[in-house]
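# Geometric and topological summary
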Amino acid sequence: MLCRLSIRDIVLIEKLDLDFPSGLCVLTGETGAGKSILLDALSLALGSRGDGALVRSGQPQGQVIAVFEPGPGHPVAAILQENGISDEGQLILRRSQGADGRTRAFVNDQPVSATLLREIGRNLVEIHGQHDDRALVDVSAHRQLLDAYGMLEADLGLVAAAWTAWRKTLKELSDLEDKVAAGARESDYLRAAVNELTLLAPEPGEEDQLHELRTRMMKVEKIATELSDASEQLSGSASPIPGLSSLLRRLERKAADLRDVLGGAVDALEQGVNSLLIASQELERALRETEFDPRQLEKSEERLFALRAAARKFSTPVGDLPALAVRFADTLATIDAGEERLAALKARVSALEGEYRRLADNLTKRRKQAGEALNAAVAGELPSLKLERALFMVEITPAEVGPSGVDAVEFWVQTNPGTRAGPMMKVASGGELARFLLALKVSLAEKGSAPTLVFDEIDSGVGGAVADAIGRRLSRLAARVQVLSVTHAPQIAARAGGHYLIAKSAIAGAGDRVATDVSRIEGNDRREEIARMLAGATITEEARAAAEKLISQTAA
């Protein structure tokens, strides 16, 4: 609830500090005393649009501080936590307004944006009255109010979850359809490429191996003739080795007698014959090792050229061809599998949409039931508010599908039989609108409300029994939430637990300047104010007696 309101230099208010109790509080005073200033100041603290004209004349800035005690479990705690604002039980909203139009906002002494201040303010205070900007006539909130009244939060949660699952899967389906469509355009190319690379079957490192083999075989081909000729000279029919071997044997026989003459020649000839034999063997070995099939060279060259042609075709190095083949095959498999997955996702989307529609239809039925109950509850409040011939209607119409279901909800009224029914804000006059809102708020309050409700002259244009009926309903509301009412009706003022008098007076020594002051009144002062409200400018003893009676009756 609102515990304290402090105002500095706002319009006609120089300095004001007010403490508010729980229950019903009223603000009274003569017309023009400055009741609207108080509400404008409170609205500023709650995040309404600033205006340099609000600053008291001659001052550089004004300031409003509103102190609240939301109570445990209030939704505003989550907002504070989400925005990193300390929560110490009390909630202090502070707004400074410069004469130049600039404003600054603080929550628990932490600077915040006006948008965040407004969001916090909406959760703390509801201001209702005859004016567009102060009435609970926001059509976008009507569905939420109806759901709260019908206790449909669980059903709404199921619908929201079904919506999320449906839309998420629908997005997956859309993405897969795009991939399959793109893949389908490439599938012929991919299939031909996979077939070609499968037949080619490139191996890692194959290019280097083939290149090395080809180079060696070409070198061997160049020396093969020379090796063959050399081998033929040493081991063929013209080989000198047999003749030299025969000559060596003859000389060895002669050397026995003439060793000192023939020994050197025999040894040298023996070494020569052995060297020739070794050379012949090495040439034969070289011929065996360099022996190759020209067809193998041709095949190696054809394979190497085929690999390099594929590399040029697919714009990739030869060494990457094996990986490219795998990638192409995987992509093609994904495309082929995508068709099957596409069919499965379509079936799942259809099932999820069906589940969403079922839950949304059930929510619609329950909303209609809640609407009928709310119609009846509001209808029960209207006769005493001098709206006995009027009707209140919860209008539920189809809307775009969404996480909140498929319904648009709007509060309609018919002010008199035979007149056209329509949206409450458009059809009801100012006074009627205020009373419709009171009847609606009384009916909705048990299902949840802001901790503080402010009613701005909701009794305008009525009196007597109707004003008393309004007072009774404000008292009923005040049993559950804090209610502040700006009123001209003594029947309402007499029921208040806290009565505040708003008055305008001249500032001593300031010429024609005046200031607005607010004070809490009790006892005889309160009786005098209610008597003034009953009698007008001249307060009679009869008016005082009537005021006393009214206070005692409402207290009972």
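The rules we used
- Residue positions are given per chain, counted from 1 along the sequence in the order it is written.
- Restriction of local features to residues with pLDDT of at least 70 applies here, the model being predicted, together with a cutoff of 80 or more for giving and counting side-chain atom pairs; totals for whole chains, interfaces and linings are based on all residues.
- Values shown for side chains rest on all heavy atoms present in the structure; no hydrogens or waters enter the calculation.
- Comment: elements are numbered from the N terminus, with helices defined as DSSP H or I runs of at least four residues and strands as E runs of at least two.
- Throughout, the protein atoms alone are placed on a 1 Å grid, and a set of points is a cavity if a 1.4 Å probe fits but cannot get out or a pocket if it is open with protein on both sides within 12 Å along at least five of seven lines; lining residues have an atom within 4 Å of a point.
- Grid points are joined across faces, edges and corners, and a volume is the space filled by probe spheres set on the points.
- In this classification, the charged set is Asp, Glu, Lys and Arg, the nonpolar set is Ala, Val, Leu, Ile, Met, Phe, Trp, Tyr, Cys and Pro, and all remaining amino acids, among them Gly, are polar.
- Any two strands are treated as partners once DSSP identifies two or more bridges connecting them.
- To get an axis, fit a line to the C-alpha atoms, keeping to the stretch in contact for a helix; angles then go from 0 to 180 degrees between the N-to-C directions.
- Contacts are residue-level and defined by heavy atoms, with any inter-residue pair within 4.5 Å sufficient.
- Pairing of aromatic rings covers Phe, Tyr and Trp, the last counted by its six-membered ring, and requires centre-to-centre distances within 6.5 Å; plane angles under 30 degrees mean stacked, over 60 mean edge-to-face, and any other angle means tilted.
- Residue exposure (1.4 Å probe, protein chains only): buried if accessible area is under 20% of the type maximum, exposed if over 50%, otherwise partly exposed.
- Definition used for salt bridges: Asp or Glu carboxyl oxygen within 4 Å of a side-chain nitrogen of Lys or Arg.
- Take the number of residues in a helix, subtract one, and multiply by 1.5 Å to get its expected span.
- Polar contact is defined as a pair of N or O atoms within 3.5 Å, subject to the rule that within protein one atom must be able to donate a hydrogen and the other to accept it, and that residues adjacent in sequence are counted only when both atoms are side-chain atoms.
- Each angle receives one of four descriptions, namely roughly parallel if under 35 degrees, roughly antiparallel if over 145, roughly perpendicular if within 65 to 115, and oblique otherwise.
- Should the near helix be turned counterclockwise from the far one by less than a right angle, the crossing is left-handed, whereas a clockwise turn marks it as right-handed.
- A pair of cysteine sulfur atoms is labelled a disulfide when the two atoms are within 2.5 Å.
- Joining through side-chain atoms within 4.5 Å is the link that ties buried Ala, Val, Leu, Ile, Met, Phe, Trp, Tyr and Cys residues into a set, and such a set is a nonpolar core.

### Regarding the environment of A279
- Mapped onto the secondary structure, A279 falls in helix α8 (residues 259-289).
- Between the C-alpha atoms of A279 and L501, which are 222 residues apart in sequence, the distance is 133 Å.

### Some words on the layout of surface pockets
- Estimated volume of the second largest pocket: approximately 170 Å³.
- What lines the second largest pocket is simply L176, K179, V180, A182, G183, E186, T331, T334, I335, A337, G338 and R341.
- Considering only residue class, the lining of the second largest pocket consists of five nonpolar, four polar and three charged.

### Description of the sheet that holds strand β7 (residues 110-112)
- The sheet built from six strands is open, its strands ordered β2-β1-β4-β5-β6-β7 with antiparallel pairing. The open sheet has two free edges, formed respectively by β2 (13-19) and β7, since each of these has just one partner strand. Within the sheet, the average angular offset between the axes of one strand and its neighbour, ignoring direction, is 15°.
- Sitting on the sheet, helix α1 (residues 35-45) touches β1 (2-10), β2, β4 (61-68) and β5 (91-98), and the angle it makes with β1 is about 105°.
- In the packing of helix α3 (residues 114-124) onto the sheet, the strands contacted are β4, β5, β6 (103-107) and β7, and the crossing angle to β5 comes to about 135°.

### Side note on the packing of aromatic side chains
- Throughout the structure, instances matching the rule amount to seven aromatic pairs.
- Ring centres 5.3 Å apart and planes at 35° place the aromatic pair W166 and Y356 in the tilted group. With W166 in helix α5 (residues 153-200) and Y356 in helix α10 (residues 321-381), this pair connects stretches of sequence that are 190 residues apart.
- The exposure class assigned to Y356 is buried, which follows from its relative accessible area of 0%.
- Centre to centre, the rings of F314 and F328 are 6.0 Å apart; their planes meet at 75°, and the pair counts as edge-to-face.

### Notes on the pattern of salt bridges
- Going through the model one piece at a time under the given rule, you end up with 25 salt bridges.
- When the shortest N-O distance is used, the salt bridge between D17 and R4 registers 3.7 Å. Of this pair, D17 sits in strand β2 while R4 sits in strand β1, and the two are 13 residues apart along the sequence.
- Judged by relative accessible area, which is 32%, D17 ranks as partly exposed.
- The partner of E522 in a salt bridge is R520, with the nearest N and O atoms 3.7 Å apart.
- E522 sits in the exposed class, given a relative accessible area of 54%.
- One network of salt bridges, in which partners are shared, links R4, R8, D17 and D19.

### With respect to empty space enclosed by the protein
- Tallying each qualifying case throughout the model produces two cavities of 30 Å³ or more.
- Taken together, L2, L5, F20, L27, L38, L39, L42, V454 and L484 form the lining of the largest cavity.
- Counting only elements with at least two residues in the lining of the largest cavity, the list comes to β1 and α1.
- Broken down by element, the residue count for the lining of the largest cavity peaks at three residues, all from α1.
- Of the residues assigned to the lining of the largest cavity, the class counts are nine nonpolar, no polar and no charged.

### Points about the sheet that holds strand β14 (residues 498-506)
- Strand order in the open sheet formed by six strands is β8-β12-β13-β3-β14-β15, and the pairing between neighbours is mixed. The open sheet is flanked by β8 (125-128) and β15 (514-521), the only strands paired with a single partner. Neighbour-to-neighbour, the strand axes of the sheet open up by a mean angle of 20°, direction not taken into account.
- With four bridges joining them, β8 and strand β12 (residues 452-456) adopt parallel strand pairing. Within β12, the residue paired with V125 across the bridge is T452.

### Description of helix α12 (residues 430-445)
- Given a rise of 1.5 Å per residue, 16 residues ought to cover 22 Å, and the 22 Å separating the end C-alpha atoms of α12 matches this to within 8%.
- In terms of residue burial, α12 counts as a mostly covered element, since 15 of its 16 residues are buried.

### Topic: the side chain of E529
- Counting through the fold element by element, E529 comes out in helix α15 (residues 523-535).
- Polar contacts involving the side chain of E529 include one to the side chain of T28, which spans 2.9 Å.
- With residues up to four places along the chain from it excluded, the contact list for E529 reads T28, G29, H499, L501 and I521.

### A few points about the packing of α5 against α10
- Put simply, α5 and α10 touch, their axes get as near as 5 Å, and they point 160° apart. Between α5 and α10, the angle falls in the class roughly antiparallel. Both α5 and α10 take part in a crossing whose hand is left-handed.
- For the contact of α5 with α10, a count of residues per class yields 31 nonpolar, six polar and 13 charged.

### Some details on the state of the cysteines
- For the structure shown, the criterion picks out zero disulfides.
- Of the cysteine sulfurs around C3, a residue in no disulfide, the closest is that of C25, at 11 Å.
- Given the relative accessible area of 14%, C3 is considered buried.

### Points about the nonpolar core
- Ranked by internal contacts, the top residues of the largest apolar core, which has 54 residues, are L374, F392, F411, L438, L474 and L477.
- For this core, the element with the highest residue contribution is α12, accounting for ten residues.
- Filtering out sequence-adjacent residues up to four positions away, L438 remains in contact with L385, F455, I458, I470, R473, L474 and L477.
- Within the second largest apolar cluster, 44 residues are counted, among which are I13, L18, A41 and V518.

### Notes on α1
- Within α1, nine of the eleven residues are buried, which leaves it mostly tucked inside the rest of the structure.
- Three or more residues of α1 are buried, namely K35, I37, L38, L39, A41, L42, S43, L44 and A45.
- The positive-phi residue at the C-terminal boundary of α1 is G47, with phi of around 105°.

### Examining the side chain of D468
- Within the element layout of this structure, D468 appears in helix α13 (residues 464-478).
- There is a polar contact of 3.1 Å between the side chain of D468 and the side chain of R495.
- With residues near it in sequence (within four places) discarded, D468 still touches Q491 and R495.

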